Amino acid sequence: MLRMCCPWCGWRDELEFSYGGEAHVAYPANPAELDDAAWSEYIFFRDNTLGWFRERWAHTAGCRMWFNAIRHTVTNEFAAFYRPGDPVPEMPAEVAR
Amino acid sequence: MTQPMRLDSGGDIVRDKPLGISFDGRELEGFEGDTVASILVANSVRVCARSIYAGRPRGLMSSGPEEANVFVQVVSGAGEPMVRATEIEAYDGLVVESLASKGKLPELPDTSRYDKRFIHVETLIVGGGRSGQAVAAEAARAGDRVLIVHDRPTLARGEGGEALAGVEGLTILTRTTATGLHEHGYVVAVERRTDHLALPPATWSRQRLWNIRARQIVLATGAHERPIAFAGSDVPGVMLAASALDYVTRFGVKPGKRAVVFGCHDGAIDAARALAEAGVEIARVVDARQETTTDRVVVGTETAADGTLSAAIIRGPDGSMETVACDLLAVSGGWNPALQLYTHTGGRTRWSDEAAAFVPAAGPEQVRVVGRATGEFAAGLRPRALFCVEGHDSSPAEIFLDLQRDATLADLRRAVAAGMRSVEHVKRYTTISTAADQGRSSSVLTVGVLCQELGVPMTDGVTTTYRPPYTPISFALLAGRDYGQLADPERISSIHDWHVARGAVFEDVGQWKRPWYFPAFEAELLHDAVARECAAVRTSVGVMDASTLGKIELQGGDCGEFLDRVYTNLMSSLAVGKVRYGVMCGVDGMVLDDGTVARLTDDRWILTTTTGNAAKILDWLEEWLQTEWPELDVRCTSVTEHWATVAVVGPRSRQVVATVAPDLDVSQEAFGFMEWRDAMIGDCPARVMRISFSGELAYEVNVDAWHGQALWEAIYQAGQPYGITPYGTETMHVLRAEKGFPIVGQDTDGTVSPQDLGMGWIVSKKKPDFIGKRSYARSEAAREGRKQLVGLMPLDGSSRLVEGAQLVEAGVDLTRVPVPMVGHVTSAYDSVALGTPFALALLADGAGRHGEELQAVDKLTGIRVRVTSPVPHDPEGVRRDGD
Ligand SMILES: [Zn+2]
């Protein structure tokens, strides 16, 4: 069970959170202007990164707020937790294990 | 004579506290402090089990966690299907039975209690041996909160014992096994609290699941002795050398009278010396390191009539063979640091030639390995890596690598011959390391033999990945108290007691208990009750508890704009006092949920969701508000539990509502369809909505949940002159299906758009955008063959259709597979109003096929059906304003 930091509430067990997939995939400003391929990209396709990954979480069983995190998908280390609208933190340098 | 192998002195047993246990019906004596295994040894019980496939006699091969042969079924007390005999503390009256590698579930339910505990510490020490105790003392003196988990009944004695004397800030859990090491310092441990007691206190939980969160984890998990494989190394009497000695020192029992000791490191020689001191005659010490060109090794065993060891066959450096009589063959192939937990979160090991073992290489920052688990001690024994000895006339099928799985060198060779190179593949091909001990004694051995077979150095060998749990955890413990009624919350409406008193039959809808139907008399069947309830609603009036409907209140100046974006139709134009039906879709354009939206004031709205979908829809709305449109002034609150909702349905509902709310003008002119009004029902303020899920004139009356039952009773009273009939979810389903109202999740499955449901009218063409809109312009939305909602009627007017039945074109031969399928039945009922069974179905291009004939196939029988419009009853909608 991961331990993670809600930017509003602080450190909590993973139990209280739910996962929201890749972060910073914005709803297109004007969907009507996209062709089918570009729209499908938005609906169906997400990165499946091995390494550091920006992703969304929601503190479902807590303050119910969404936030972003940078997690290493192999080691499950977290490098950052930040609120929507915050400056996006740099990706850490890959650490070889 | 009892306990013939018991020494006159020595061991940690309490000699003035004798006890008796039963093993396979035999009464055996022992002492407090014994394990089942040490009692078996003391009483010279040498054949203790049969192997799972070959049925070979097996005896104890260890004194501890390495044991792979003797698992027993605990019959007394709470019972336990499959436990190592070496790990069961004996008590007077304990009853166990031997197993052939498979336990059986106890027949009686387990009435024991299981608990969970949570603890946070700076330092967790796994293993209370000397190294663990030393680190614990150091950490506690530095001010840490320290927890030691130790799997034996007491901490190790000796110099370590004093290490902890007077140290504060320590929590010590004995009889506790850490079973999983997870990310971020999370460790799961199992504490066995009562299994060693003949009469456990009734108030004690049997086991506790400890959820430990530690800043630093110290693994002082020690090492497991490794066997050497040779022909017949599985026979009773062959035992790990340190374990043989352990029986002497811990329990004061001799594991044999005359021993051959076979090893490849100094520890084996030391064990031989100590066994001799305890009075075991040492016939030979076979040290496989003595020669560099040829080994002096044990290549086989001989057995007595009962299958137990009678002699060891030794091959000398010159190839000469010698048979040495013995009843104990003490073997040691070296030590495997116990690094299972270390690898749980990705810690990696490497082969060390010095230690002849896999040792820690790189692990998580928070994890530190100390003591024997580092492998340093093994290196001090000047070991030689020796895994398997094959004599000239040994049969590979008699050289056992995994005792619990009866897997042999012959099996491994078959795997290699089939092209396997990775130990992970070999493991799956041969089943080695997949038994209850998860390869504790066989895994490294197998890596060694595999490298030998492939002719590659051990440094190329990789141990298999260990995964939690290190030892099996019972489901009962994982469930703790969360079983039966506490497994999941049961949600009931405030009117529930009335339904119970009335004899309602309930069904589960999500977590809700909803009345399914209300039998008029005890023996009334579902079919008859539903027919009666439906008729009452269509001809007079019925009443239903709709409180479970999800309700979300929205507040804020931008609610209209927000709802325009999440519903397919226009909501912002809704006037205060009005209600509108709406459908929500995902970005893919497929139906997510439906319900009604009512505008309460300029900036207050309330919407309803499907009963099972309320939490999901609240999540959905909050996600969009927070992550995409934070600039919108909208707040969402779940108010499902705040309101009791009573649906009064049928042509006489107007009279009933007029009776309970005399000040409310219920005339068609004053209170139209899809409108809501405030009203007083007695002293209770109510919100009355004219919404219909049946096609009939209907009112949904909402009051504060506290007054739900009073409201229900008032309505029931007022309805008596009209024979008001309470009805449940089954009747509700029939009534809505007769009107072709789909249920999201029953008539839809995530691939169905509003257009597929024949509800293109609810998708706005004017709004510039809303969630899902762009998807309706995808080629996928326009392709031929999309499944669309239709009605079905059996041609014979009487055959009942089955939900899930496949639709097949008329005349298709059902015996010629594959049978092409063109759709399926989603809802099927008998209809009083239609006088025939009917169904809703999703049918490829169904909208254009009304009037055609198909077969609805269930269990290879096709029922001939006619495709109809999905609104078979009152398609003009004339009944919604009453008759
Ligand atoms: Zn929070």
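Let me sum up the structure you'll find in this document.

Conventions used here
- Residues numbered from 1 in each chain as written.
- Chains lettered and ligands numbered in written order.
- Predicted model: local features only at pLDDT ≥ 70, side-chain atom pairs only at ≥ 80, totals over all residues.
- Heavy atoms only, no water.
- Donors = N, O, S within 2.8 Å, 3.2 Å for Na, K, Ca; no water.
- Helix = DSSP H or I, 4+ residues; strand = E, 2+ residues; numbered from the N terminus.
- Expected span 1.5 Å × (residues − 1).
- Buried < 20%, exposed > 50% of the residue type's maximum accessible area, 1.4 Å probe, protein only.
- Pairing = 2+ DSSP bridges.
- Axes fitted to C-alpha atoms, helices over the stretch in contact; angles between N-to-C directions.
- Contact = heavy atoms within 4.5 Å.
- Buried area = accessible area lost by both parts, 1.4 Å probe.
- Salt bridge = Lys/Arg side-chain N within 4 Å of Asp/Glu carboxyl O.
- Polar contact = N/O pair within 3.5 Å; in protein donor to acceptor, adjacent residues only side chain to side chain.
- Nonpolar A, V, L, I, M, F, W, Y, C, P; charged D, E, K, R; others polar.

## Re the coordination of the zinc ion
All names here are of chain A. The protein atoms donating to the zinc ion are C6 (SG), C9 (SG), H59 (ND1) and C63 (SG), with metal-donor distances spanning 2.0 to 2.3 Å. Linear spacing of the donor residues for the zinc ion on their chain is C-x2-C-x49-H-x3-C. Of the two residues, C9 is situated in the loop between strand 1 (3-6) and strand 2 (10-13) and H59 in the loop between strand 4 (52-58) and strand 5 (66-72); the sequence distance between them amounts to 50 residues.

## Quick word on helix 10 (residues 443-454) of chain B
All names here are of chain B. The terminal C-alpha atoms of helix 10 lie 17 Å apart, and with 12 residues this matches the ideal 16 Å at 1.5 Å per residue to within 8%. In terms of residue burial, helix 10 counts as a mostly covered element, since 9 of its 12 residues are buried. Of the positions making up helix 10, those classed as buried are S443, V444, L445, T446, V447, G448, V449, L450 and C451. Phi turns positive, to about 70°, at G455, one or two residues after helix 10.

## Some remarks on the sheet that holds strand 7 (residues 95-98) of chain B
All names here are of chain B. An order of 2-1-7-5-6 is seen for the 5 strands of this open sheet, with the pairing classed as mixed. Two strands bound the open sheet, and with one partner strand each, they are strand 2 (26-32) and strand 6 (80-84). Here the average twist between neighbouring strands, direction ignored, is 40°.

## With respect to the interface of chain B and chain A
Taken together, the contact pairs 27 residues of chain B with 28 residues of chain A. Taken together, the two surfaces of chain B and chain A that pack against each other cover about 2,400 Å², and 46% of this comes from carbon and sulfur. For the chain B face of the interface with chain A, the top three residues by lost area are H184, Q626 and R774 of chain B, together amounting to 27%. Between chain B and chain A we count 5 salt bridges in total. For the salt bridge of E622 of chain B with R64 of chain A, the shortest nitrogen-to-oxygen distance reads 2.8 Å. Seen at the junction of chain B and chain A, the total is 19 residue pairs in polar contact (both at pLDDT 80 or more). With 7 residues, helix 15 (residues 614-627) of chain B is the single largest residue contributor to the side of chain B that touches chain A. Of the residues belonging to the side of chain B that touches chain A, the class tally is 8 nonpolar, 7 polar and 12 charged.

## Observations concerning the pattern of salt bridges
Residue and element names in this part refer to chain B. Counted according to the given criterion, the structure contains 57 salt bridges over all chains. Here E191 makes a salt bridge to R208, at a shortest N to O gap of 3.8 Å. Taken as a pair, E191 in strand 12 (residues 186-192) and R208 in strand 13 (residues 207-219) lie far apart in primary sequence, 17 residues in all. With relative accessibility at 11%, the residue E191 sits in the buried group.

## Let's talk about the environment of L147 of chain B
All names here are of chain B. Note that L147 resides in strand 9 (residues 146-149). Its relative accessible area of 0% is what places L147 among the buried residues. Sequence separation of L147 and V261 is 114 residues, and the distance between their C-alpha atoms is 39 Å. Apart from residues no more than four positions distant in its own chain, L147 is found in contact with I119, V121, T123, L124, I125, T171, L173 and I212.

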